[in-house]
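A structural walkthrough
Below, each chain spelled out in residue letters.
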Amino acid sequence: MLPVNRRQFLQAGAAVTATAFGFRLEAASAVARELKIARTNQVQSVCPYCAVGCGVVIHTTGERVKNARPTVVHIEGDPDSPVNRGTLCSKGISLKEFVVNDRRLTKPQYRAAGSGEWTDISWDDAIQKIARRIKDTRDKGFQEQDAQGRTVNRLDTLGLIGGCTDTNEINYLLGKFRFGLGILPYENQARL
Amino acid sequence: MTNGWCDIANTDVALVMGGNPAENHPVGFRFVMEAKRKRKAKLICIDPRFNRTAAVSDLYVPMRAGTDIAFLGGLIHYAISNDLCHMDYVRAHTNAPFLLREDFSFSEGHFSGWDAEKKSYDKATWQYELDGAGYAKVDPTLENPRSIFQQMKRHYSRYTAEKVAEICGCTAEDFKKAAALICSTGRAGKVGTILYALGWTHHSHSVQLIHTGAMLQLLLGNIGLPGGGINAQRGHANIQGSTDMGAWNMLPGYLRLPRANHVSLDAYLKATTPKPLRPNSMNYWGNTPKFATSLLKAYYGDRAKKENDFGYQWLPKLGETENQSWGYFFDRMHRKEMHGFISFGMNPVANGPNTEKMLEALANLDWLVVVENFETETASFWNAKKLGEKFYPKYVDPAKIQTEVILLPAACFAEKDGSFVNSSRWLQWKKAAVPPPGIAKPDHEIIARIFMAVRALYEKEGGKGMEPLMAMQWNYAQPLTPSLEEVAREVNGRDLTTGAQVPGFAALKDDGSTACGNWVYSGSWTEAGNNMARRGQEDPTGLGLFPNYAWSWPANRRILYNRASNDADGKPWSESHASIRWNGTKWTGDTPDYKADAGPHDYGAFIMLPEGVAKFYTTELAEGPFPEHYEPMESPVKNALHPNASANPCAPVMTSSADAMGTPDKYPYVAITYRLTEHFHYWTKHVASGAELQSNFFVELPEALAKEKGIKGGDAVRVSSARGTVEGPAMVTQRMRPLTVGGKTIYHVGIPIHWGYVGRVRGPLVNNLTPSAFDPNSGTPEYKGFLVNVEKL
């Protein structure tokens, strides 16, 4: 929607200014900026930080390259968003550094009881281990009925928190996970 | 927010209290500046710290942390006693005319019904006086001494400007200046907004604080109008959405989680569906059976039948008075009553109160699963002694911690689809731009894989609670990697007879013929498609509503309670401030918060409430039907209104071996925690630019206190509370003025939150200092206004 037109507009604007007035710094910056996002794929997204909900455009490259992973090269404010009209704050403007970051976790890790370090673990082993722990804890702590014989189907020895950084859809699935298991201790960031 | 970010530009007076949008919501704050520029709006900032919002405000008033109810109560008194209320609004749209029972009373800090032993209230005397038909009795003249208006007038008559000054530490003159500006909106043609954030919620009386703000806005006739409302700015991208999707005591869509005494669906619905309290009340929550039954159909599919109460028994039940919110379950974890814990994108070691207690609690678990973008203090809690260096010297060696930890790498926002809800209640759809790094996976796949693996184990081995586990519907095309579009359609709901997406919650039924995962989101993904992804730029009202951009809950309504922007006859209070208008046959403009074709007199303006009108007075909160000033749980002074009921009598304070409360003789200063523009919570210490711009933890001290202690800017200081200590360089400023409270000079100490022992930059966790004291209604910890001492190192 927005990308092609804006790019064409910028190119046209740069050309006109340069022809009419000779070298102009604004025109050069526009071109330099344009080079940064030339040939990128553009995806509409929303800033993950505070709840103003600024629209962002994520620029990526590498989608059409064999043997390469697509990567984020630039993130900027979405000019079509009535909330931010293309602007971002000092945190939002550096969102690319959040996504493309050498501190990101890239593989599952395990810390055994009493151990002083992390060790790598495969996804399959990690999921199996978690499922086993959940089942053992649940088998021990699940209450089908309370002391008065009322059906309660509850589990209060296993806690679950999160969701505030995640989408509604993931929160909905987390709810199904929670109520399927019967988990009562549950929180998100709303009160912290 | 009742209103929204863009709408703030419509205001005449913006009161910012308990928030600092210039620094913490800078892009949203543009709309305050726009109102100042275009409408000559006034900005008032009331805060213990002269922050950057204060710097551009028309009036700044300093106040002591934790005394906001006294200030707002003073504003209520000021508005009533100076005849500045919007009385036509109050008469038409609030419960001011309702009569209370004769045995309702308040004295010495307690309302009638107080049980000192149980530390709770019997609320019988708080109820309205009812007539034979079960409706509340009213006095439209508001003159009956038992009317809520007269009771409110009497209750807040104690909150004089002088009393406010005595409690809050501001001057009576400054209070009156603020009151005159704020109350200038108490008439048609002028409208004021309130913007707040965690400075209002981080208290042991936070819900009542927001209640007081809402009361003030009702008295001034500012609820439901463009440029008005009471607006929570909210801290996380989807904190609104995750709350919409449930809480410890809630199902999706603010349906209550059943309790053990709700032994059948019928009993549950009887207990949770309100009855109208006035003949003209629409009482929209009367539709609770439709929303609940449709949720059960979404959860349990074909297994949910009328004969089995639509699977109601499979839902877990809370005990009758049980509380499973943060403070309570971490206390249980600390007492070794919990064995396993799963954290999806949260960091309790950093963000929970009393860090050492968090660490000890996690060490008492058998196992912990953390799903994250970055390593966190929680994932590496067992290594706190090494990573946290001097801050956790007492903490034990990893060899003694028997908790197994599994850390799973998750996709970040840019790597998955789905919707976030911003503070304006706009559901905005985003698309995945790139795959996650390495072999990290999106959270929905992680949830699905764990859930399917647990089920497989039960299928193989059998075990407890098989039925509820297996009954939960998980019929996605790819059960291990559900598409979020598929999930979003399930959330919106569909007609099970035709298979079509429902157009909105009005189509939901209680007979099992509709399924809907969250009724307040019904309308977000209809037969017309994904409304959350809409990009329409039109703004037909000119009020910044943008009805075709994204989708706003409920029903794409942009301003809640907008019927109240018109008088009883359906005429706008002012031509410039009505988002809906009655044209004789229907309401036009914003989606009306009212039946679209019902005449102005058909229903009360507040259709969600059983009263049909907004409430000054409510029986739903723990510590009273009217808000009352209580001191923080740790306070430098006794309550000036009733020293024998000083702090909130109903607020829970935990008493584990790791918990302790301080007294002013040892900890004389009032501490507040705050945030910096350059950082987001505990995330951006991993991001290079945030880490470079604000690399170091610091402690902000007032000049006068620093002078008293011989501390200069940059000197190392230790801040201690009854729970723990933090150390760092002092930043000496004039931003937190010494305040005189009850004849004593009170100093504040300000501490930013963003560091921890894992990150590109590291520093102490401020929650080393904070108490496990909570609001009794919401369970929010008291992070603003606790006691500390300061020493030069």
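Look up: the structure comes first, before these words.
In this text the structure is predicted, and so the values were computed from the model without any measurement. (Residues numbered from 1 in each chain as written. Chains lettered and ligands numbered in written order. Predicted model: local features only at pLDDT ≥ 70, side-chain atom pairs only at ≥ 80, totals over all residues.)

Details of the overall build of chain A
In terms of helices and strands, chain A carries five helices and nine strands. When the helices and strands of chain A are placed in sequence order, the string is α-α-β-β-β-α-β-β-α-β-β-β-α-β. Looking at chain A as a whole, 48% of its 192 residues are labelled buried. Look at the contacts in chain A between residues 6 or more apart in sequence, and 35% of them connect residues 24 or more apart. (Helix = DSSP H or I, 4+ residues; strand = E, 2+ residues; numbered from the N terminus. Buried ≥ 20, exposed ≤ 12 C-beta atoms within 10 Å, placed from the backbone. Contact = placed C-beta atoms within 7 Å.)

So, the sheet that holds strand 15 (residues 418-421) of chain B
Each strand in a sheet pairs with another by means of backbone hydrogen bonds, the pair being arranged parallel or else antiparallel. Strand order across the open sheet formed by three strands is 15-16-21 (chain B), with antiparallel pairing between neighbours. Edge strands, defined here as strands with exactly one partner in the open sheet, are strand 15 and strand 21 (551-552) of chain B. Sitting on the sheet, helix 5 (residues 168-181) of chain A is in contact with strand 15 and strand 16 (426-430) of chain B, with an inclination near 95° to strand 15 of chain B. (Pairing = 2+ DSSP bridges. Axes fitted to C-alpha atoms, helices over the stretch in contact; angles between N-to-C directions.)

Here we look at the interface of chain A and chain B
Each side of the interface is counted separately: chain A has 107 residues, and chain B has 133 residues. The element that contributes the greatest number of residues to the side of chain A that touches chain B is helix 4 (residues 123-141) of chain A, accounting for 15 residues. Taken together, the residues of the side of chain A that touches chain B sort by class into 49 nonpolar, 34 polar and 24 charged. (Nonpolar A, V, L, I, M, F, W, Y, C, P; charged D, E, K, R; others polar.)

Quick notes on the packing of helix 5 of chain A against helix 20 (residues 484-492) of chain B
Two elements in contact, helix 5 of chain A and helix 20 of chain B, have axes separated by 9 Å at closest approach and are oriented at 75°. It follows from the interaxial angle that helix 5 of chain A and helix 20 of chain B lie roughly perpendicular. Between helix 5 of chain A and helix 20 of chain B, the residues in contact are A:Asn168, A:Glu169, A:Tyr172 and A:Leu173 and B:Leu484, B:Val487, B:Ala488 and B:Val491, respectively. The residue inventory of the contact of helix 5 of chain A with helix 20 of chain B, partitioned by class, reads six nonpolar, one polar and one charged. (Parallel < 35°, antiparallel > 145°, perpendicular 65-115°, else oblique.)

Notes on the environment of B:His25
Turning to its location among the elements, B:His25 is positioned in the loop between helix 1 (21-24) and helix 2 (26-39). C-alpha separation for the pair B:His25 and B:Gly724, spaced 699 residues apart in sequence, amounts to 31 Å. Excluding residues within four positions of it along the chain, B:His25 makes contact with A:Cys50, A:Val52 and B:Gln233.

Looking at the nonpolar core
All names here are of chain B. Ala 14, Leu 75, Ile 76, Ala 79 and Val 749 are the most contacted members of the largest nonpolar core, which has 282 residues in total. With nine residues, the single largest contributor to this core is helix 4 (residues 68-81). Filtering out sequence-adjacent residues up to four positions away, Ala 14 remains in contact with Ile 8, Val 32, Ala 35, Ala 41, Leu 43, Thr 193 and Leu 195. (Core = buried A, V, L, I, M, F, W, Y, C linked by C-beta atoms within 7 Å.)

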